[in-house]
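Structure assessment
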Amino acid sequence: MNPYILATLLFGLGLGTTITFASSHWLLAWMGLEMNTLAIIPLMAQNHHPRAVEATTKYFLTQATAAAMLLFASTTNAWLTGQWSIEQMTHPVPTTMIILALALKIGLAPVHAWLPEVLQGLDLTTGLILSTWQKLAPFALILQIHPTNPTILIALGVASTLVGGWGGLNQTQLRKILAYSSIAHLGWMILILQFSPSLTFLTLLTYFVMTFSTFLVFKLNKATNINTLATSWAKTPALTALAPLVLLSLGGLPPLTGFMPKWLILQELSKQDLAPVATLAALSALLSLYFYLRLSYAMTLTMSPNNLTGTAAWRLPSLQLTLPVATSLVATLALLPLTPAVTAILTL
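Because the structure is a prediction, the values reported are computed rather than measured.

Before going further, it helps to examine the pattern of salt bridges. A side chain with one charge may pair with a side chain of the opposite charge, provided their charged atoms come close. Throughout the structure, instances matching the rule amount to 5 salt bridges. When the shortest N-O distance is used, the salt bridge between lysine 176 and glutamate 117 registers 3.4 Å. Taken as a pair, lysine 176 in helix α9 (residues 174-192) and glutamate 117 in helix α5 (residues 114-120) lie far apart in primary sequence, 59 residues in all.

Shown next as structure tokens:
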């Protein structure tokens, strides 16, 4: 892609998100989301592969549906209450519709079916943008809405953690596994949203760091399915040794960074007398942990002298920068000791 066009599209992507962040009026927020969608579509379709074009079309249709639903709900809210302000959503009908529209935007269960299909058709770089940056603007809006019925967020959260766990169990494609991982993590964030928005923000940040590391590791190995991971040890032995730790951090195992948000969320849910919800969330984390362990097994425990399930790829010199991988790996593996400082900040 022409660098000038790429720069323009990335600028549009950033501008759309910034407009949504800065808006307090529903029409301006909607405009920011639309700019965001229109800027990423050429990035998704740049490979001109039928699979990429199909993924782009699916993405466009779901995002257009969610945006239309959002516009309809905000207009209904203005008609019923006379308010266009995001923070003054008082009527339950438009509030519920907007939450569902934003859930469709980010891919929460039960309106998640587009996300694995779309992510599977993209290259790893665009997939990384879709899994991280594209979640920011809708999340900023969800954080500003105070739902009149809190049950809907808990239902969406529990459904997402369970679907994210179950869905990834029989997958062999890494991008689909990462899509289900994304659904499960978003479920954790939505569960705690109404009780502790700052904790949701912390979970979102740690999810971004861990997903960034995972995508960069797969990109460095040019891996798109589990079999390709089995031969990565010969090409990048140090990275292959660290990659399982990144995956286990995504799964939420101590003493890695990914344990911190899960631990704090379960603690907060217990404080709110939601022990059954906390138990369900913890059990669904075990489902996710299983497929992270599968990936770890494929990377590190199928080495020579065992028979390899994948064919060895050409060991060409990689042009990818290793500094972002190194920085994000440190953040993914070693931030758990900061938990006391984080909890002190959260209670301010």
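If you check UniProt for "domain: NADH:quinone oxidoreductase/Mrp antiporter transmembrane" (unreviewed entry), the listed places come out as residues 23-285 in our numbering. Between the end C-alpha atoms of residues 23-285 the distance is 35 Å, and the span holds 76% helix and 0% strand.

Following the sequence through the fold, threonine 200 ends up in helix α10 (residues 197-220). With a relative accessible area of 1%, threonine 200 lands in the buried category. Within the local environment of threonine 200, its side chain forms a polar contact with the backbone oxygen of methionine 189, the two atoms lying 3.2 Å apart. The residues touching threonine 200, leaving out its near neighbours within four places in the chain, are Phe139, Met189, Ile192 and Leu193.

With respect to the helices, strands and loops of the structure, leucine 10 is situated in helix α1 (residues 3-22). Taking the C-alpha atoms as reference, leucine 10 lies 8.9 Å from leucine 43; in sequence the two are 33 residues apart.

A pair of packed helices is characterised by two quantities: the angle between their axes and the separation of those axes. It is the contact of helix α3 (residues 50-81) with helix α4 (residues 92-106), at a shortest axis distance of 8 Å, that shows an interaxial angle of 165 degrees. As the angle between them shows, α3 and α4 are arranged roughly antiparallel. In this structure, α3 meets α4 at a crossing whose hand is left-handed. For the pair α3 and α4, contact is made by Thr62, Gln63, Thr65, Ala66, Ala67, Met69, Leu70, Phe72, Ala73, Ser74, Asn77 and Leu80 and by Pro94, Met97, Ile98, Leu100, Ala101, Leu102, Leu104 and Lys105, respectively. Of the residues belonging to the contact of α3 with α4, the class tally is 14 nonpolar, 5 polar and 1 charged.

Let us look at the UniProt feature "transmembrane region" (unreviewed entry) in the chain. As annotated in UniProt, the feature "transmembrane region" (unreviewed entry) corresponds to residues 60-80, 92-115, 151-170, 177-195, 201-221, 233-254, 274-293 and 325-346 in the numbering used here. Note that residues 325-346 is 82% helix and 0% strand, and that its end C-alpha atoms are spaced 28 Å apart.

The rules we used
Residues numbered from 1 in each chain as written. Predicted model: local features only at pLDDT ≥ 70, side-chain atom pairs only at ≥ 80, totals over all residues. Heavy atoms only, no water. Salt bridge = Lys/Arg side-chain N within 4 Å of Asp/Glu carboxyl O. Helix = DSSP H or I, 4+ residues; strand = E, 2+ residues; numbered from the N terminus. UniProt positions renumbered as here; feature names shortened; annotations may be inferred. Buried < 20%, exposed > 50% of the residue type's maximum accessible area, 1.4 Å probe, protein only. Polar contact = N/O pair within 3.5 Å; in protein donor to acceptor, adjacent residues only side chain to side chain. Contact = heavy atoms within 4.5 Å. Axes fitted to C-alpha atoms, helices over the stretch in contact; angles between N-to-C directions. Parallel < 35°, antiparallel > 145°, perpendicular 65-115°, else oblique. Left-handed = near helix turned anticlockwise from the far one by under 90°. Nonpolar A, V, L, I, M, F, W, Y, C, P; charged D, E, K, R; others polar.

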